[in-house]
Amino acid sequence: MPTKLGKPLGELPTRQFQPALVQRLVDRIASDGTPAKANHLLRYLRRLFRWGINRGYCDTNPARGVEAARERRRRRLPELETVAALTEFARERGQRRRGEAGACAPYLWIVMELAYICRLRGIEVVTLTDAHHTPAGVHTNRRKGSRDSVIRWYPRLRHAWDAATRHRDALWRARALPVPQDAAARPLIVAADGAALQKSSLDSAWQRFIRLAIAERVIRPEQRFGLHDLKRRGITDTAGTRHDKLEASGHRSAAMMDVYDLSVPLVPWPGYDATAP
């Protein structure tokens, strides 16, 4: 991140870090619409400077006392029609050449499908490799202590996975890149240069795509949602009991279902007799 001194923030000596500088940094990131990211950074800076004080690299902790950004605790659940329209729009615009007006990243519709079907976070989608392909289905690689599961193959999942491998293999052939022998070293989602897609690149591509979709009137501004909301949509749409949804999501705590499962249970009336004809 550039500074007024003409050098990146990471090159500043620690003595030049002041609470006002850290506050501006937090406020700037929060103003981009990512207050949670700003607060993550603030917590990491506090730990970093505490580590530096304990080891003699600095004398003060400029991140102490800095105000955290106010996070919007939104639990968005996109409508299925909105998800379908955006997925088709991403599929169509992903076929345009890179740099062409109205084009988007060719992998976006695949990421959307995998995030919804497998109930995955964005980082979990971009870190899938050929090693997660099993005869039974896709073996997930969940974070934050969630339990892995195998999502059974069915036509929609198979179509998305095969499209990802075809796009990757074609890109590798066009660039004459070597193919790793180890399945775990072959990323499923790749960037334009053939390397594994980074989460930050996915986030940037998604924001550009959403702005394009709004400009093209595919969705309205109030219908916009994040990639993470596709996981919530997938968990909510999972058929079965609360336990079935918990197994599908990989969460270890039933309390997390209040965050991700926004379905409304269908319950009988008082005095309902299930044995009655």
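Use the structure listed above.
Read on for a plain summary of the structure. (Residues numbered from 1 in each chain as written. Predicted model: local features only at pLDDT ≥ 70, side-chain atom pairs only at ≥ 80, totals over all residues. Heavy atoms only, no water.)

## Notes on a positive patch on the surface
Here comes step 1: Together, R98, R175, R208, R211 and R224 give the surface a local cluster of positive charge.
Here comes step 2: The topology assignment puts R211 in helix α7 (residues 199-215). (Patch = residues over 30% accessible without salt bridge, like charges linked within 9 Å, V, L, I, M, F, W, Y side chains within 5 Å. Areas by Shrake-Rupley, 256 points an atom, 1.4 Å probe, with all protein chains shown as cover. Salt bridge = Lys/Arg side-chain N within 4 Å of Asp/Glu carboxyl O. Lys, Arg positive; Asp, Glu negative; His and termini not counted. Charge placed at Lys NZ, Arg CZ, Asp CG, Glu CD. Helix = DSSP H or I, 4+ residues; strand = E, 2+ residues; numbered from the N terminus.)

## Some details on unusual backbone geometry
Here comes step 1: We note that R119 has phi near 55°; this positive angle belongs to a residue other than glycine.
Here comes step 2: The residue R119 is located in the loop between α4 (108-117) and α5 (122-126) in this model.
Here comes step 3: You can call R119 buried: its relative accessible area is 13%.
Here comes step 4: Notably, R217 is not glycine yet its phi reads approximately 60°, a positive angle.
Here comes step 5: Among the secondary structure elements, R217 is positioned in the loop between α7 and α8 (228-237). (Buried < 20%, exposed > 50% of the residue type's maximum accessible area, 1.4 Å probe, protein only.)

## Focus: the packing of α4 against α8
Here comes step 1: Where α4 meets α8, the closest approach of the two axes is 7 Å, and the angle between their N-to-C directions is 40°. Taken together, α4 and α8 sit at an angle that is classed as oblique. Crossing of α4 over α8 shows right-handed handedness. Of the residues in α8, those in contact with M112, A115 and Y116 of α4 are L230, K231, R233, G234 and D237.
Here comes step 2: Partitioned by chemical class, the residues of the contact of α4 with α8 number 4 nonpolar, 1 polar and 3 charged. (Axes fitted to C-alpha atoms, helices over the stretch in contact; angles between N-to-C directions. Parallel < 35°, antiparallel > 145°, perpendicular 65-115°, else oblique. Left-handed = near helix turned anticlockwise from the far one by under 90°. Contact = heavy atoms within 4.5 Å. Nonpolar A, V, L, I, M, F, W, Y, C, P; charged D, E, K, R; others polar.)

## What about the pattern of salt bridges?
Pairs can form between side chains of opposite charge once their charged atoms are near each other.
Here comes step 1: This structure, assessed with the given rule, holds 14 salt bridges.
Here comes step 2: The partner of E216 in a salt bridge is R93, with the nearest N and O atoms 3.5 Å apart. Placement of E216 in the loop between α7 and α8 and of R93 in helix α3 (residues 80-93) is noted, with a sequence separation of 123 residues between them.
Here comes step 3: Between K199 and D203 there is a salt bridge whose closest N-O contact spans 2.8 Å. Here K199 pairs with D203, and both are found in helix α7, just 4 residues apart, close to one helical turn.
Here comes step 4: Through salt bridges with shared partners, one network takes in E92, R93, R96 and E216.

## With respect to the packing of aromatic side chains
Here comes step 1: Tallied over the full model, the rule gives 6 aromatic pairs.
Here comes step 2: Aromatic side chains W51 and Y57 sit 5.4 Å apart centroid to centroid with 5° between the ring planes, which places their arrangement in the stacked category.
Here comes step 3: An aromatic cluster of at least three residues, connected via ring pairs, comprises F89, W206, F209 and F225.
Here comes step 4: Across the ring face of W109, the terminal group of R91 is positioned such that the distance to the ring centre comes to 4.1 Å.
Here comes step 5: Taking NZ or CZ as reference, R158 lies 3.9 Å from the ring centre of W153, over its face. (Phe/Tyr/Trp six-rings, centres within 6.5 Å; stacked < 30°, edge-to-face > 60°. Lys NZ or Arg CZ within 6 Å of the ring centre and 35° of its normal.)

## Here's the deal with the packing of α4 against α7
Here comes step 1: It is at 11 Å that the axes of α4 and α7 come closest, and there the two elements cross at 105°. By the angle class used here, α4 and α7 are roughly perpendicular. Facing L108, V111 and M112 of α4, the residues of α7 in contact are L202, A205, W206 and F209.
Here comes step 2: When the residues that make up the contact of α4 with α7 are grouped by side-chain class, the tally is 7 nonpolar, no polar and no charged.

## Remarks on α4
Here comes step 1: In terms of residue burial, α4 counts as a mostly covered element, since 10 of its 10 residues are buried.
Here comes step 2: Turning to α4, its buried residues are L108, W109, I110, V111, M112, E113, L114, A115, Y116 and I117.
Here comes step 3: Where α4 is buried, its residues touch α3, α5, β2 (150-152), α6 (155-174), α7 and α8.
Here comes step 4: Of the residues flanking the end of α4, it is R119, one or two places downstream, whose phi is positive at about 55°.

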